[in-house]
Amino acid sequence: MTLKVGFIGTGGVAKGHITNLAAIEGVTISAFCDLQLERAATAAKDWKDAKAYSSITEMLDDRKLDAAFVCVPPMAHGEAERALIERSIPFLVEKPLGVNNELPRQLAEQIAGKGLITSVGYQWRYIQSLDEAKSFLESGCIGMALGYWLGSMPKVPWWRVQHLSGGQFVEQTTHITDLLRYLCGEVVEVYAAYGHRILHELEEGANVADVGTVTMKLANGSVATISNSCMLPAGHKTGLNVYTGQGVVEVQSNGSRIVRNKEEAAAPFALTPNPRVFEDIAFLDAVRTGDPSPIKSSYADSLKTHEVTVAANLSAATGKPVKL
Ligand SMILES: NC(=O)c1ccc[n+]([C@@H]2O[C@H](COP(=O)([O-])OP(=O)(O)OC[C@H]3O[C@@H](n4cnc5c(N)ncnc54)[C@H](O)[C@@H]3O)[C@@H](O)[C@H]2O)c1
């Protein structure tokens, strides 16, 4: 059976998923929705019998879909998810789940009530070598983790505005926070310090913090610090290192390695060139079979990552540690 898929939001990240789906057997994209209808129409041209819409309900009333991809910016969540939940249509939604906790918590309850299959765009979890790294960490005692997302400001217009994107920690560094949870377990307390150094002078309308560092305590007694900056002229480094008595796990955006000695410290990372393709395959397999087990990041689990990042924002604003 060929799965019929719809897209809500057809900007930058949607293009990545669409390219992946074009190479996966047994799936077709039959509907594209974007507030900017011309974007949806451009995407629809490449797919047989696909239609473009500017209204989510019009799209869902017109086309019978087996699954949907929600690729809207952080402040635009809500309408799409509610419409999909109401119609019991499984969906993959891009991170972050929103800009605060209220809406994602409501949606998580509704999703659980329906038992709906969901996936969230935390594609770092699908780095193939991560399974081995995770087993290695589970067999020893994790001491601490250091994570970082150091780069420049993404140019999409909503990103620089705090109430539209949630800021860098919620919007971008959420990937590293999610990886920390995936590899090391739950975060129980955060303390954050953010700064506004130069971005607001360089980029019109920018009011997000351009540097920040977040210290975390984990349930297992380990500690972590994740730092981010978006004030650099170009991308510098993204990743997470986890330190144990038996060695170090190093993860970058498309690969990981375990370093137990000097030889392994000189070895290359085991790369997964496009982890998102495995995320998409896992979601579509789950939809096809009704078995969600291939999905590494459900809405309910991702909500916990999101709550950690929102707590970091709260801590930075109040100057106080926040318990989760
Ligand atoms: N997983 C990843 O690594 C990754 C990478 C990039 C972006 N993202 C996430 O994907 C989301 C979108 O990012 P992007 O770079 O594609 O942004 P974008 O601005 O390029 O595209 C967003 C599109 O959504 C449309 N849109 C906005 N509100 C809508 C609504 N209510 N209904 C229908 N369409 C709507 C906009 O018109 C736009 O075309 C963001 O949350 C971002 O964090 C994830």
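Every value quoted in this text rests on a predicted model; they were computed, and no experiment measured them.

This part takes up the overall build of the protein. In terms of regular secondary structure, the protein is built from 13 helices and 15 strands. For the protein, whose C-alpha radius of gyration is 20 Å, the value lies close to the compact-globule estimate of 20 Å for 324 residues. The principal-axis extents of the C-alpha atoms in the protein amount to approximately 55 × 45 × 40 Å. The buried share among the 324 residues of the protein stands at 53%. At a minimum sequence separation of 6, the contacts of the protein that also span at least 24 residues come to 68%.

The subject of this paragraph is the site of the ligand. What surrounds the ligand is a group of 24 residues, the closest being Asp-34, Arg-39, Lys-95, Gln-123 and Glu-171. Here an oxygen atom of the ligand and a side-chain polar atom of His-175 are 3.0 Å apart. Across the shell around the ligand, the residue classes break down as eleven nonpolar, seven polar and six charged.

Further remarks concern the sheet that holds strand E12 (residues 247-252). If you walk across this open sheet you meet the nine strands as E14-E13-E12-E11-E7-E10-E9-E8-E15, and the pairing is mixed. This sheet does not close on itself; its edge strands, each paired only once, are strand E14 (270-271) and strand E15 (322-323). In this sheet, E12 lies alongside strand E11 (residues 237-244) in antiparallel orientation, the contact comprising five bridges. Paired with Val-242 across the strands is Val-249, a residue of E12.

Our next topic: the packing of helix H4 (residues 79-86) against helix H5 (residues 102-114). Orientation of H4 relative to H5, taken along the N-to-C sense of each, is 10 degrees, at an axis distance of 10 Å. Taken together, the axes of H4 and H5 lie roughly parallel to each other. Classified by chirality, the crossing of H5 by H4 is left-handed. Contact residues: Glu-81, Arg-82, Ile-85 and Glu-86 in H4; Leu-103, Gln-106, Leu-107, Gln-110, Ile-111 and Lys-114 in H5.

This part is about unusual backbone geometry. The omega angle of the peptide bond from Lys-95 to Pro-96 is -15 degrees, so this bond is cis rather than trans. Structurally, the position occupied by Pro-96 is in the loop between strand E5 (91-93) and H5. Positive phi, close to 60 degrees, is recorded for Asp-49, a residue that is not glycine. Examined against the element boundaries, Asp-49 turns out to sit in the loop between helix H2 (37-44) and strand E3 (51-53).

Another aspect to go through is the environment of Thr-309. Examined against the element boundaries, Thr-309 turns out to sit in helix H13 (residues 299-318). Using a relative accessible area of 0% as the deciding quantity, one classes Thr-309 as buried. In sequence terms Thr-309 and Asn-228 are 81 residues apart; their C-alpha atoms lie 12 Å from each other. Not counting the four nearest positions on each side in its chain, Thr-309 is found in contact with Phe-169, Val-170, Thr-174 and Thr-177.

Over its 20 residues, H13 extends 28 Å from the first C-alpha to the last, a length consistent with the 28 Å expected when each residue adds 1.5 Å. Downstream of H13 by a residue or two, Gly-319 has a phi angle that is positive, lying close to 75 degrees.

Per the UniProt record, the feature "domain: GFO/IDH/MocA-like oxidoreductase" (unreviewed entry) sits at residues 150-248. Between the first and last C-alpha atoms of residues 150-248 the distance is 21 Å; the span itself is 23% helix and 35% strand.

Rules used throughout
Residues numbered from 1 in each chain as written. Predicted model: local features only at pLDDT ≥ 70, side-chain atom pairs only at ≥ 80, totals over all residues. Heavy atoms only, no water. Helix = DSSP H or I, 4+ residues; strand = E, 2+ residues; numbered from the N terminus. Rg over C-alpha atoms; globule rule 2.2 N^0.38 Å. Buried < 20%, exposed > 50% of the residue type's maximum accessible area, 1.4 Å probe, protein only. Contact = heavy atoms within 4.5 Å. Near = heavy atom within 4 Å. Polar contact = N/O pair within 3.5 Å; in protein donor to acceptor, adjacent residues only side chain to side chain. Nonpolar A, V, L, I, M, F, W, Y, C, P; charged D, E, K, R; others polar. Pairing = 2+ DSSP bridges. Axes fitted to C-alpha atoms, helices over the stretch in contact; angles between N-to-C directions. Parallel < 35°, antiparallel > 145°, perpendicular 65-115°, else oblique. Left-handed = near helix turned anticlockwise from the far one by under 90°. Expected span 1.5 Å × (residues − 1). UniProt positions renumbered as here; feature names shortened; annotations may be inferred.

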